[in-house]
Amino acid sequence: PKKETITVHFVQSDGSKFSTTAAVGENLLDIIIDNDIDIDGFGACEGTLACSTCHLIFKQEDYDKIPDKPTDEELDMLDLAYGLSSTSRLGCQVVLTKDMDGLQVQVPTAVVDARDPS
Ligand code: FES
């Protein structure tokens, strides 16, 4: 059977938009990597919840559709992210569901690696 896919829109920090289709069950970090979306420093820890570089900002309506609420570990990492908002998540922790079709995520203007001591 054909894999279920949805459309995801990214708004990059310079305002440019990029849309792609993505398979249900993938996380947003995978999609950014699969599409060679070049965001400096993004996904530095490869989804092991040890950085915060995969920070993405959601629209409220999309945020509400994410079935998994952030874990304490994710919230701790998010605290370190640049430009944290009330609808922020770490991309590597957000798995796509069919319901999230048409999702629009904003890439923050800066990436901070929580492992960077500076
Ligand atoms: Fe490091 Fe998501 S890629 S926390």
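Our structure is the block above this text.
This write-up is about the structure you can find in this document. (Residues numbered from 1 in each chain as written. Predicted model: local features only at pLDDT ≥ 70, side-chain atom pairs only at ≥ 80, totals over all residues. Heavy atoms only, no water.)

**Let's talk about the environment of Gln104**
Phase 1 of the analysis: Relative to the helices and strands, Gln104 is located in strand S5 (residues 103–106).
Phase 2 of the analysis: Leave out the neighbours within four places in its chain, and Gln104 touches His9, Val11, Ile57, Phe58, Lys59 and Asp62. (Helix = DSSP H or I, 4+ residues; strand = E, 2+ residues; numbered from the N terminus. Contact = heavy atoms within 4.5 Å.)

**Describing a negative patch on the surface**
Phase 1 of the analysis: Taken together, the side chains of Asp30, Asp34, Asp36, Asp38 and Asp40 define an acidic patch exposed on the protein surface.
Phase 2 of the analysis: Take Asp40: it is sitting in the loop between helix H1 (28–34) and strand S3 (55–58).
Phase 3 of the analysis: For Asp40, a relative accessible area of 71% gives the class exposed. (Patch = residues over 30% accessible without salt bridge, like charges linked within 9 Å, V, L, I, M, F, W, Y side chains within 5 Å. Areas by Shrake-Rupley, 256 points an atom, 1.4 Å probe, with all protein chains shown as cover. Salt bridge = Lys/Arg side-chain N within 4 Å of Asp/Glu carboxyl O. Lys, Arg positive; Asp, Glu negative; His and termini not counted. Charge placed at Lys NZ, Arg CZ, Asp CG, Glu CD. Buried < 20%, exposed > 50% of the residue type's maximum accessible area, 1.4 Å probe, protein only.)

**Things to note about the sheet that holds strand S1 (residues 5–11)**
Phase 1 of the analysis: As summarised here, the arrangement of the five strands in space is S2-S1-S5-S3-S4, forming an open sheet in which the pairing is mixed. Among the strands making up the open sheet, the edge pair consists of strand S2 (17–23) and strand S4 (88–90). Shown here is a sheet whose adjacent strand axes are inclined to one another by a mean of 35 degrees, direction ignored.
Phase 2 of the analysis: As judged from the two bridges shared by S3 and S5, these two strands associate in the antiparallel manner. What sits directly across from Ile57, in S5, is Gln106. (Pairing = 2+ DSSP bridges. Axes fitted to C-alpha atoms, helices over the stretch in contact; angles between N-to-C directions.)

**A look at the side chain of Glu74**
Phase 1 of the analysis: Its location among the elements puts Glu74 in helix H3 (residues 72–78).
Phase 2 of the analysis: Exposure remark for Glu74: the relative accessible area of 1% places this residue in the buried category.
Phase 3 of the analysis: Within the structure, the side chain of Glu74 is placed 2.7 Å from the side chain of Arg89, a separation counted as a polar contact.
Phase 4 of the analysis: For Glu74, the residues in contact, after removing those within four places along its chain, are Leu49, Arg89, Leu90 and Gln93. (Polar contact = N/O pair within 3.5 Å; in protein donor to acceptor, adjacent residues only side chain to side chain.)

**Looking at the pattern of salt bridges**
Phase 1 of the analysis: Under the counting rule described, the total for this entry stands at two salt bridges.
Phase 2 of the analysis: With a shortest N-O distance of 3.9 Å, Glu4 and Lys98 are connected by a salt bridge. Separated by 94 residues along the polypeptide, Glu4 in the segment before S1 and Lys98 in the loop between S4 and S5 bring together distant segments of the chain.
Phase 3 of the analysis: By relative accessible area, which is 47% here, Lys98 ends up partly exposed.
Phase 4 of the analysis: When the shortest N-O distance is used, the salt bridge between Arg89 and Glu74 registers 2.7 Å. In this pair, Arg89 is assigned in strand S4 and Glu74 in helix H3, connecting sequence segments 15 residues apart. Neither Arg89 nor Glu74 differs from the other in exposure class; each is buried.

**Description of the side chain of Thr20**
Phase 1 of the analysis: Here Thr20 lies in strand S2.
Phase 2 of the analysis: Relative accessible area serves as the criterion here: at 10%, Thr20 is assigned to the buried category.
Phase 3 of the analysis: A polar atom in the side chain of Thr20 sits 3.0 Å from the side chain of Asn35.

By themselves, these observations are geometric and do not establish any function.
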